[in-house]
Amino acid sequence: MLRTTTNFGFSQALVEAQRCLSCYQAPCTQACPAKVDVPGFIRRFREDNLRGASELIYESCPLGCTCGTACPTSVLCEGACVLTQLGQTPIRIGSLQSFITASSPLEEPPPKQKSQSKVAIIGSGPAGIGCAVQLNRLGVQAEIFERDRQPGGMVTHVIPAHRLPAEPMETDLMRLQNSGIRFHYNQEVNAAKVNQFLNEYDAVFAGIGLGGENQPHQTGMQAAGVYAALEFLQQARSAAFGDGTPPQLGKRVLVVGGGNVALDAAVVAKRLGAEQVLVVYRRSKEEMPGWESEYLEACSLGVEFRWLSVIDEIITNQDQLQAVKISQMRFVSASLGGRRWVEHDSEIPVYTLHCDTLIFALGQTLEEGIQEVMGLQKNAPLLPVNEGSFQTPRPGLFSAGEAVSGGSTIVACMSAGMKAAREIAQYLQSQDTKGGQHG
Ligand SMILES: Cc1cc2nc3c(=O)[nH]c(=O)nc-3n(C[C@H](O)[C@H](O)[C@H](O)COP(=O)(O)OP(=O)(O)OC[C@H]3O[C@@H](n4cnc5c(N)ncnc54)[C@H](O)[C@@H]3O)c2cc1C
Ligand code: SF4
């Protein structure tokens, strides 16, 4: 999974491409959320048609370079490669894709035919961009409103820089410059704006992601040295690009959680020079939701794991983190939704562990109050949409990406945004037929 656009030269790419068996009904394509025609683009590349290969990738995957670099390929396209069943290593599809798209960056052309309809898109993450590109291809004016000063969502701000440098997203965004899609930055969309958009535009798409985080209700959470994982990763990524200073970690860092974000935080802490990084997880390795590739990367850097462990107390001195109290858990026989249940193991005493930094990575949530901003009911953990139409209970308001699906991948969110765009186009047509007011 560790790839960058620069670590694959032309001859290496060609050798890799020659290994492809050009499978009919290719399982790699089936396993790709964007259904990229993998044998097709590899064939074009082998036939010295670099531009055609790049075109084919971008047709299904407008974030082709970004996805080629950051897709968890071992559980997607490469995981399905038939060469694995033949005892060989799978084709390095992601590396080929990022090499081809970086070597032949193409412009997304403006639509040949334009309708009068226009759609406001909130958020410029993968879902918002996927939706905008597809609407634009269908001739619908797409305008993106992003609260940040840069596009890209988590891709630009949070994913560790060593895994996803800035260039792939820049390559993909450069393509859109003359496409006709309009980007507006520093535009925080509030409830009044959503109402305004619903009046002024023919539809609204919310690609707002999961910017909130679960945090424990413990004393000491405000102390210096205690971080929420997204805040920590964002600061580390900005510093990697010369914007601000990296988090000051000290010698021992504890990361609480067992998902990919926890593993990313642990790897980044190690790379920032922490002497010891410990991941504290309440269950065992077996239950850990983080990808195996991320776990192995963490292990290879010397990250240690304390399984069946929870933080009972945060100890501070003058608002500075000093230590934590950790208690041991044990499995009980009952399982909840297929996962083994745990309880405190009273036979093992609680112990104190000194630490300089404590990072909580307990899962992402919708930002507080965002349902009200969207004019939707507050009680759901994700934005509610009709599965087929991507429309929320509020007529004309659509959504996709992580705000709807929960934790996901760039390619899946982009692809969901594209599917939502096709549904929005149908909705606009049906409104036209009904004599709705467009333009
Ligand atoms: C630490 C970490 C590592 C990851 N690593 C990978 C990886 O290696 N590979 C991979 O495929 N995926 C990875 N992911 C997942 C991937 O980043 C997400 O699946 C994807 O970015 C979600 O896309 P989205 O468009 O739904 O939301 P986001 O990317 O969160 O974008 C939402 C956008 O909406 C904007 N927004 C929100 N509210 C408003 C508002 N009110 N007004 C205006 N704008 C607003 C935000 O500023 C943001 O730009 C990772 C995620 C994290 C957190
Ligand atoms: S978009 Fe991602 S999953 Fe799909 S073929 Fe490319 S690298 Fe594989």
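None of these values were measured; they are calculated from a predicted model.

### Section: the overall build of the protein
For step 1, the next point in the chain: Each helix and strand in the protein was counted, giving 17 helices and 16 strands.
For step 2, the next point in the chain: The C-alpha radius of gyration of the protein comes to 23 Å, within 12% of the 22 Å expected for a compact globule of 439 residues.
For step 3, the next point in the chain: Counting only C-alpha atoms and orienting by the principal axes, one finds that the protein spans roughly 70 × 55 × 45 Å.
For step 4, the next point in the chain: Expressed as a percentage of its 439 residues, the buried residues of the protein come to 45%.
For step 5, the next point in the chain: Partitioning the contacts of the protein with sequence separation of at least 6, the portion at a separation of at least 24 is 71%.

### Quick look at the site of ligand 2
For step 1, the next point in the chain: Surrounding ligand 2, one finds 15 residues, the nearest of these being Cys32, Cys67, Cys71, Leu76 and Cys77.
For step 2, the next point in the chain: At the level of secondary structure, the elements contributing two or more residues to the shell around ligand 2 comprise helix H5 (64-70) and helix H7 (93-103).
For step 3, the next point in the chain: Examining the composition of the shell around ligand 2, we find that three residues originate from one element, H7, more than from any other.

### Some words on the sheet that holds strand S7 (residues 252-256)
For step 1, the next point in the chain: On the basis of which strands lie adjacent, the open sheet formed by five strands has the order S6-S14-S7-S8-S9 and parallel pairing. A single partner strand is all that each edge strand has here, and the edge strands are strand S6 (226-228) and strand S9 (304-306). Here the average twist between neighbouring strands, direction ignored, is 25°.
For step 2, the next point in the chain: Pairing of S7 with strand S14 (residues 357-360) involves four bridges; the strand directions are parallel. Within S14, the residue paired with leucine 254 across the bridge is leucine 358.
For step 3, the next point in the chain: Strands S6 and S14 of the sheet are contacted by helix H12 (residues 229-240), whose axis makes an angle of about 90° with S6.

### Details of the site of ligand 1
For step 1, the next point in the chain: In the vicinity of ligand 1 there are 39 residues, among which Gly123, Gly125, Gly153, Gly209 and Gly401 approach most closely.
For step 2, the next point in the chain: Mapped onto the shell around ligand 1, the elements with two or more residues apiece are helix H8 (126-137), helix H9 (154-157), helix H13 (260-271), helix H16 (402-405) and helix H17 (410-433).
For step 3, the next point in the chain: For the shell around ligand 1, the per-class residue count stands at 19 nonpolar, 13 polar and seven charged.

### Some points on the nonpolar core
Taken as a class, soluble globular proteins show a tendency for nonpolar side chains to be buried jointly.
For step 1, the next point in the chain: Within the largest apolar cluster, 131 residues are counted, with the highest numbers of intra-cluster contacts made by Val255 and Ala265.
For step 2, the next point in the chain: Per-element accounting of this core gives the leading share, 13 residues, to H17.
For step 3, the next point in the chain: Ignoring anything within four residues of it in the chain, the contact list for alanine 265 reads Ala229, Phe232, Leu233, Val255, Ile359 and Ala361.

### Notes on the domain arrangement of the protein
For step 1, the next point in the chain: Domain boundaries assigned for the protein yield domain 1 (10-103), domain 2 (118-211 + 366-433) and domain 3 (213-364).
For step 2, the next point in the chain: On a C-alpha basis, the centroid separation for the pair domain 1 and domain 2 is 27 Å.
For step 3, the next point in the chain: Counting only elements with at least two residues in the side of domain 1 that touches domain 2, the list comes to H5 and H7.
For step 4, the next point in the chain: Per-element tally for the side of domain 1 that touches domain 2: the top contributor is H5, with six residues.

### Some details on unusual backbone geometry
For step 1, the next point in the chain: Of note in this structure, serine 22 is not a glycine but carries a positive phi near 50°.
For step 2, the next point in the chain: Locating serine 22 in the fold gives a position in the loop between helix H1 (10-18) and helix H2 (27-31).
For step 3, the next point in the chain: Given 11 C-beta atoms within 10 Å, serine 22 falls into the exposed group.
For step 4, the next point in the chain: Located in the positive-phi region is glutamine 318, a residue other than glycine, with phi close to 50°.
For step 5, the next point in the chain: Note that glutamine 318 resides in the loop between strand S10 (309-317) and strand S11 (320-336).

Criteria and thresholds
- Residues numbered from 1 in each chain as written.
- Chains lettered and ligands numbered in written order.
- Predicted model: local features only at pLDDT ≥ 70, side-chain atom pairs only at ≥ 80, totals over all residues.
- Helix = DSSP H or I, 4+ residues; strand = E, 2+ residues; numbered from the N terminus.
- Rg over C-alpha atoms; globule rule 2.2 N^0.38 Å.
- Buried ≥ 20, exposed ≤ 12 C-beta atoms within 10 Å, placed from the backbone.
- Contact = placed C-beta atoms within 7 Å.
- Near = placed C-beta within 6 Å.
- Pairing = 2+ DSSP bridges.
- Axes fitted to C-alpha atoms, helices over the stretch in contact; angles between N-to-C directions.
- Nonpolar A, V, L, I, M, F, W, Y, C, P; charged D, E, K, R; others polar.
- Core = buried A, V, L, I, M, F, W, Y, C linked by C-beta atoms within 7 Å.
- Domains from an automatic or database assignment.

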